[in-house]
Amino acid sequence: MYAIIENGGKQYKAVEGGFIEIDLLPDEVGKKKTFDKVLLLSTDGKTEVGEPYLKGVSVDTTIISHFKAPKIIVFKYRAKQRYRVKTGHRQKYSRVLIDTIAFPGKSDAAKKSMDTSISKKSAAAKKPSSAAKKTTTKPKTELKKTVPVKAVKSTVSAAKKTTSTKAEATTSKKPAASSTKKSTVSKARTTTKKTAKKTTPKKPTTSKTKTATKKTAASKATTDKKTTSADKK
C-alpha cells in the first residue's frame, strides 16, 4: 500500500513506516504534519486516481529532523567582459516519517490483509517440509565384502617374489657397471701416457758443448802465455 502526495509543486511516494525528504517545513522537530493533497492511492492491487485530488484521503506524518544538502557551486561567466561571479548554495530539507495513510474503508481492508496473512502462515505450518522428510528416511546399510585369507597370503607371497627378483637384478647389474668403469679408466691412463711420451721434447746434449768451451779456453790460455814470453824477450 502506498500513496502519492504533492507538496511545494513536487510529488512524493509515501509508504507506511518509510521516510520522505521534502522541502523545509516551518514546523519544529517532533510535531505532526498531515498532507491532504493525495493524487493516487494503491491498496491490495487496486489503484484510485484523483481529479486532481482524492477526497477523504490523507497522510499523517511526524517531522524527524531538518538538514542541509551538499553545497552546489554556481559560477557565472561572460566572455570578453571581465565578468566572473561565484556563489555557493545549500538547499534545506526536512526528513519526515510516514505514520499512517488514512482513507475510507481502511479498517475492512486491514482486516482482510490480516486474515490472508494468518491463513498463509497456518498453511505453511501444516505442510511438512521436504528437508524433514529426507532426514526421516534411513540410508540403506551396505554389506562389506570379506576377502578370504588365502587370497591375501597369495598376494603377499607374490609381492615378496617380485621384490627379491628386483634386488637380484640390481646386484647383478652393479659389478658389470664397475668393471666397465675400470676398463674405461685403464684405457684413459694408457692414452695419457702415450701422449705424454710423444709430447716430451728431447734434452740437448750439454756435454759436447761443455768440452768445446773447455778446449777454446785452453787454446786461449796457451796463446796468451806465448805472447807474454815473446814480449819479455
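Note: the structure precedes this text.
Throughout what follows, the structure given in this document is the object of discussion.

## Thoughts on the overall build of the protein chain
Then, in step 1: A tally of regular secondary structure across the protein chain gives four helices and ten strands.
Then, in step 2: Within the protein chain, the proportion of its 233 residues that are buried is 13%.
Then, in step 3: The long-range share in the protein chain, meaning contacts at least 24 apart out of those at least 6 apart in sequence, stands at 63%.
Then, in step 4: By element, 59% of the accessible surface of the protein chain is carried by carbon and sulfur atoms, the whole surface being about 20,100 Å².

## A word on unusual backbone geometry
Then, in step 1: The omega angle of the peptide bond from E51 to P52 is -5°, so this bond is cis rather than trans.
Then, in step 2: Here P52 lies in the loop between β6 (46–49) and β7 (58–68).
Then, in step 3: For K80, which is not glycine, the phi torsion reads 60° and is therefore positive.
Then, in step 4: Even without a glycine there, the phi angle at R82 is positive, about 55°.
Then, in step 5: Turning to its location among the elements, R82 is positioned in the loop between β8 (72–78) and β9 (83–89).

## A look at the packing of aromatic side chains
Then, in step 1: Applying the stated criterion across every chain, the model contains one aromatic pair.
Then, in step 2: For K13, the ring lying beneath its charged end belongs to Y2, and the centroid distance is 4.5 Å.
Then, in step 3: A cation sits over an aromatic face here: R78 above Y83, 4.3 Å from the ring centre.

## A short note on a positive patch on the surface
Then, in step 1: Residues K68, K71, K86, R90 and K92 make up a contiguous surface patch of positive charge.
Then, in step 2: Assessed through its relative accessible area of 47%, K68 is described here as partly exposed.

## Quick word on the sheet that holds strand β3 (residues 19–23)
Then, in step 1: An order of β3-β10-β7-β4 is seen for the four strands of this open sheet, with the pairing classed as antiparallel. Each edge of the open sheet is held by one strand with a lone partner, namely β3 and β4 (32–35). Between one strand and the next, the sheet's axes are offset by a mean angle of 40°, whatever the strand orientation.

## Comments concerning the environment of V59
Then, in step 1: Counting through the fold element by element, V59 comes out in strand β7.
Then, in step 2: As a C-alpha pair, V59 and A14 span 45 residues in sequence and 8.0 Å in three-dimensional space.
Then, in step 3: Every residue in contact with V59, bar those within four places of it in the chain, is listed here: A3, I5, A14, K33, T34, F35, V38, I98, T100 and I101.

## Regarding the nonpolar core
Then, in step 1: Core analysis: the largest hydrophobic core is formed by 18 residues, its most contacted members being I5, I20, I22, V38, L41 and V59.
Then, in step 2: Among the secondary structure elements, those contributing two or more residues to this core are β1 (2–7), β2 (10–15), β3, β5 (38–43), β7 and β10 (92–102).
Then, in step 3: If you tally residues by element for this core, the top one is β10, at three residues.
Then, in step 4: Ignoring sequence-local partners within four residues, the contact set of I5 consists of K10, Q11, Y12, I20, F35, K37, V38 and V59.

## With respect to the pattern of salt bridges
Then, in step 1: Using the criterion set out here, one finds two salt bridges in the structure.
Then, in step 2: Of the charged contacts in the structure, one is a salt bridge between D23 and K10, with a shortest N-O distance of 3.5 Å. Highlighted residues: D23 in strand β3 and K10 in strand β2, separated in sequence by 13 residues.
Then, in step 3: Between R95 and E21 there is a salt bridge whose closest N-O contact spans 2.9 Å. In this pair, R95 is assigned in strand β10 and E21 in strand β3, connecting sequence segments 74 residues apart.
Then, in step 4: Take R95: its relative accessible area is 26%, and that puts it in the partly exposed class.

Criteria and cut-off values
Residues numbered from 1 in each chain as written. Predicted model: local features only at pLDDT ≥ 70, side-chain atom pairs only at ≥ 80, totals over all residues. Heavy atoms only, no water. Helix = DSSP H or I, 4+ residues; strand = E, 2+ residues; numbered from the N terminus. Buried < 20%, exposed > 50% of the residue type's maximum accessible area, 1.4 Å probe, protein only. Contact = heavy atoms within 4.5 Å. Areas by Shrake-Rupley, 256 points an atom, 1.4 Å probe, with all protein chains shown as cover. Phe/Tyr/Trp six-rings, centres within 6.5 Å; stacked < 30°, edge-to-face > 60°. Lys NZ or Arg CZ within 6 Å of the ring centre and 35° of its normal. Patch = residues over 30% accessible without salt bridge, like charges linked within 9 Å, V, L, I, M, F, W, Y side chains within 5 Å. Salt bridge = Lys/Arg side-chain N within 4 Å of Asp/Glu carboxyl O. Lys, Arg positive; Asp, Glu negative; His and termini not counted. Charge placed at Lys NZ, Arg CZ, Asp CG, Glu CD. Pairing = 2+ DSSP bridges. Axes fitted to C-alpha atoms, helices over the stretch in contact; angles between N-to-C directions. Core = buried A, V, L, I, M, F, W, Y, C linked by side-chain atoms within 4.5 Å.

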